[in-house]
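The lines below spell out each chain.
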Amino acid sequence: MSESKKSSKSEENKHLYFGDRRSFLSKLAWGSFFTYFGMFVFGSIRGLYPRVLFEPRKDFIAGYPYEFAPMQVDESFMSSQRVWIIRTNEGFIALSGICTHLGCTPRWLKNENKFKCPCHGSGFNGFMSDQIEIAVNFEGPAPRPLERLEISFTADGRLKINKGKKFLAEKGEWGMPGAFLPFRG
Ligand code: FES
């Protein structure tokens, strides 16, 4: 191959190399631009809408009052809601099934008339002459009574429990409406 041919071939390769390289860099630049632009537009549109956190519903319907026998602790909702429905002769209590020591699930021991936590042995009152004493801690390391949850009637007379509203005995909240629901037939 003559020198002139070699030289023109190398010029051609050089052109191809730099030409492709330029084109590649140009594409890269445009690609980056559109990516940033897209992100900017997406961020701006997203900012127009409030961020909503979808949490599981905190209330549930437990049934009609007559479905609960007097002086019984109903455990129907323990596995699904971790809540006991207690019916005294006067009304209802929705009791949280979370131990106030370290969060284990106590058990209702009907024959011993108490709630007993299997983890470290805390005990909480069962039925007492005054409803205000039910679920108060009396043995073991639990520092305070179990928590009560808001209980009310729906428009059609069923029991509704709101797990989003708690009543704490140590704050004097058990006397508030919703911590105890008087029976109405
Ligand atoms: S978690 Fe219930 S006694 Fe410790």
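Small disclaimer: the values here were computed from a predicted structure and weren't measured. (Residues numbered from 1 in each chain as written. Predicted model: local features only at pLDDT ≥ 70, side-chain atom pairs only at ≥ 80, totals over all residues.)

## Structural notes on the overall build of the chain
Here's step 1: The secondary structure content of the chain amounts to two helices and eleven strands.
Here's step 2: The secondary structure elements of the chain, listed N-terminal to C-terminal, are α-β-β-α-β-β-β-β-β-β-β-β-β.
Here's step 3: Burial analysis of the chain (185 residues in total) assigns 23% to the buried set. (Helix = DSSP H or I, 4+ residues; strand = E, 2+ residues; numbered from the N terminus. Buried ≥ 20, exposed ≤ 12 C-beta atoms within 10 Å, placed from the backbone.)

## Concerning the sheet that holds strand β6 (residues 114-116)
Here's step 1: In spatial order, the strands read β5-β6-β7-β8; together these four strands make up an open sheet with antiparallel pairing. This sheet does not close on itself; its edge strands, each paired only once, are β5 (107-109) and β8 (137-139). Neighbour-to-neighbour, the strand axes of the sheet open up by a mean angle of 35°, direction not taken into account.
Here's step 2: As defined by bridge partners, β6 adjoins strand β7 (residues 123-125) across three bridges and the pair is classed as antiparallel. Within β7, the position partnered with K116 by the bridge is G123. (Pairing = 2+ DSSP bridges. Axes fitted to C-alpha atoms, helices over the stretch in contact; angles between N-to-C directions.)

## Focus on the environment of L109
Here's step 1: Mapped onto the elements of the fold, L109 is located in strand β5.
Here's step 2: Ignoring anything within four residues of it in the chain, the contact list for L109 reads K114 and K116. (Contact = placed C-beta atoms within 7 Å.)

## Examining unusual backbone geometry
Here's step 1: Although it is not a glycine, R82 sits at a positive phi angle of roughly 60°.
Here's step 2: A count of 14 C-beta atoms within 10 Å places R82 in the partly exposed class.
Here's step 3: Here A135, not a glycine, exhibits a phi torsion of approximately 80°, which is positive.
Here's step 4: As for its placement among the helices and strands, A135 is situated in the loop between β7 and β8.

## With respect to the pairing of strand β9 (residues 148-153)
Here's step 1: Here two bridges tie strand β4 (residues 91-96) to β9, and the two strands are oriented antiparallel to one another. Within β9, the residue paired with A94 across the bridge is L149.
Here's step 2: As paired elements, β9 and strand β10 (residues 159-167) share six bridges and run antiparallel to each other. Among the inter-strand pairings, S152 is bridged to a residue of β10, identified as K160.
Here's step 3: Adjacent in sequence and paired antiparallel, β9 and β10 are bridged by five residues, among which G157 carries a positive phi angle near 85°.

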